Amino acid sequence: MEMKTRINQELRNRAPEEMTQLVIDNCRCVNGEIEGLNDTFKKLEFLSMINVELSSLARLPNLNKLRKLELSNNRISGGLEVLAEKCPNLTHLNLSGNKIKDLSALEALQNLKNLKSLDLFNCEITTLEDYRESIFELLQQITYLDGFDQEDNEAPDSGAEDDEDGDEDDEEEDEAGPPEGYEEEEEEEEDEEEDEAGSELGEGEEEVGLSYLMREEIQVNRPFLPALKISYLGIELNTIKSKDEEDDDDYVEGEEEEEDEEEEEEEEEGLRGEKRKRDAEDDGEEEDD
């Protein structure tokens, strides 16, 4: 895919003026030059053109806000003076895997006053004697060469740098404190959530308490605790008759029914006795007559 086509694809219906990052790696440029990239990409801060067969930076547009430029695995051998003119605020430059052979090709980078990190992995220049010492002497503004400083301390990755920036922003927000009324609104929301959770929990607890009591067949001594209430997880439950109490009630009712039946039978037997007595008396009177 050609570079111009790839750039249009990466825009995804966005205006070039809105782009802050652009990655067009592994596409193909015509005649080794940049195409499709112009001054309208004025907000670009990160540009990556890795392995695009680039040999010249002559058509690089003005990108005053550009901080990081990835140009590894191309055919660049010189012409770096354009970087100071078109990207004066560049801080990170990756030229690894290019055809940089000697220090003279890098002299133009002295004008990049903000340059902090330079990568030259797999460039022929890295085979020179005292390569690192020579680069740090030539480009005194840089801190890291091929990922390490002069004391061989490794450079932090870009993610760590972003995290540091984020921490600073968080500290500023903490110092500023929350806006007025924010704490009160937060407390009110918490109270409402607790009330809703409490009401839902209450209904569930009552059912659990009842099932628990029925399953365990908890016995309540009614003569001594006539108005006992059982509290389960903060929910008061009225006293529940145990299974044994219901059996006792059934038994008492049965005894009362038997006693009533016996009394009725005795009354009937008495009435029959009195009737027989009266009949006998009537028979005696008739015989006397």
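Just so it is clear, the structure is predicted and the values come from calculations on it, not from any experiment. (Residues numbered from 1 in each chain as written. Predicted model: local features only at pLDDT ≥ 70, side-chain atom pairs only at ≥ 80, totals over all residues. Heavy atoms only, no water.)

From N to C terminus, the protein chain includes 6 helices and 8 strands. Traced from its N-terminal end to its C-terminal end, the protein chain shows the element sequence α-β-β-β-α-β-β-α-β-α-α-β-β-α. Looking at the 289 residues of the protein chain, the share that counts as buried comes to 27%. If you take every contact in the protein chain between residues at least 6 apart in sequence, the share linking residues at least 24 apart comes to 50%. Surface exposure of the protein chain reaches about 20,100 Å², of which carbon and sulfur atoms provide 41%. (Helix = DSSP H or I, 4+ residues; strand = E, 2+ residues; numbered from the N terminus. Buried < 20%, exposed > 50% of the residue type's maximum accessible area, 1.4 Å probe, protein only. Contact = heavy atoms within 4.5 Å. Areas by Shrake-Rupley, 256 points an atom, 1.4 Å probe, with all protein chains shown as cover.)

Attention shifts here to the pattern of salt bridges. Scanning the entire structure with this criterion turns up 3 salt bridges. Arg28 is paired through a salt bridge with Glu2; the nearest N and O atoms lie 3.8 Å apart. One end of the pair, Arg28, is in the loop between strand S1 (21-23) and strand S2 (46-48); the other, Glu2, is in the segment before helix H1 (3-11), and 26 residues separate them in sequence. Using a relative accessible area of 34% as the deciding quantity, one classes Glu2 as partly exposed. Across the pair Arg6 and Glu10 runs a salt bridge, and its minimum N-O distance is 3.1 Å. In this pair, Arg6 and Glu10 are both assigned in helix H1, 4 residues apart and thus about one turn of the helix distant. In terms of burial, Arg6 and Glu10 fall into one category: buried. (Salt bridge = Lys/Arg side-chain N within 4 Å of Asp/Glu carboxyl O.)

Moving on to the nonpolar core. Across soluble globular proteins, nonpolar side chains have a tendency to be buried as a group. Residues Leu47, Met49, Leu93, Leu120 and Ile135 are the most contacted members of the largest nonpolar core, which totals 49 residues. Listing elements by their share of this core, those giving two or more residues are H1, helix H2 (81-86) and helix H3 (131-138). At 4 residues, the largest contribution of residues to this core is made by H3. Filtering out sequence-adjacent residues up to four positions away, Ile135 remains in contact with Leu103, Leu106, Leu118, Leu120, Ile125, Ile142 and Leu145. (Core = buried A, V, L, I, M, F, W, Y, C linked by side-chain atoms within 4.5 Å.)

Let us now look at a positive patch on the surface. Residues Lys42, Lys43, Lys65 and Arg67 make up a contiguous surface patch of positive charge. Positionally, Arg67 belongs in the loop between S2 and strand S3 (68-70). In this structure Arg67 comes out as partly exposed when scored by relative accessible area, which is 36%. (Patch = residues over 30% accessible without salt bridge, like charges linked within 9 Å, V, L, I, M, F, W, Y side chains within 5 Å. Lys, Arg positive; Asp, Glu negative; His and termini not counted. Charge placed at Lys NZ, Arg CZ, Asp CG, Glu CD.)

To continue, consider a negative patch on the surface. A surface patch of negative charge is lined by Glu258, Glu259, Asp260, Glu261, Glu262, Glu263, Glu264, Glu265, Glu266, Glu267 and Glu268. Take Glu258: it is sitting in helix H6 (residues 243-288).

The strands making up a sheet associate through hydrogen bonds between their backbones, and the pairing can be parallel or antiparallel. If you trace the 6 strands from one edge of the open sheet to the other, you get S1-S2-S3-S4-S5-S6, paired in parallel fashion. A single partner strand is all that each edge strand has here, and the edge strands are S1 and strand S6 (144-145). Bridging between S1 and S2 involves 3 bridges; their strand directions are parallel. Bridge pairing links Gln21 to Phe46 in S2. (Pairing = 2+ DSSP bridges.)

Attention shifts here to unusual backbone geometry. If you check the backbone angles, Asn13 has positive phi at about 65° while not being a glycine. Here Asn13 is to be found in the loop between H1 and S1. In this structure Asn13 comes out as exposed when scored by relative accessible area, which is 86%.

Time to look at the confidence of the model for the protein chain. Confidence in the prediction of the protein chain, expressed as mean pLDDT, is 77, and 62% of residues score 70 or more. Under a pLDDT of 50 for its full length, residues 201-208 has, in the predicted model, 7 contacts with residues more than four places off or in other chains. (pLDDT = per-residue confidence, 0-100.)

In this section: H1. Here H1 has its buried residues at Met3, Arg6, Ile7, Glu10 and Leu11. Along the axis of H1, the buried residues cluster in a sector spanning 145°; they form a single face. Looking at the residues trailing H1, positive phi occurs at Arg12, about 50°. (Arc of directions from axis to C-beta.)

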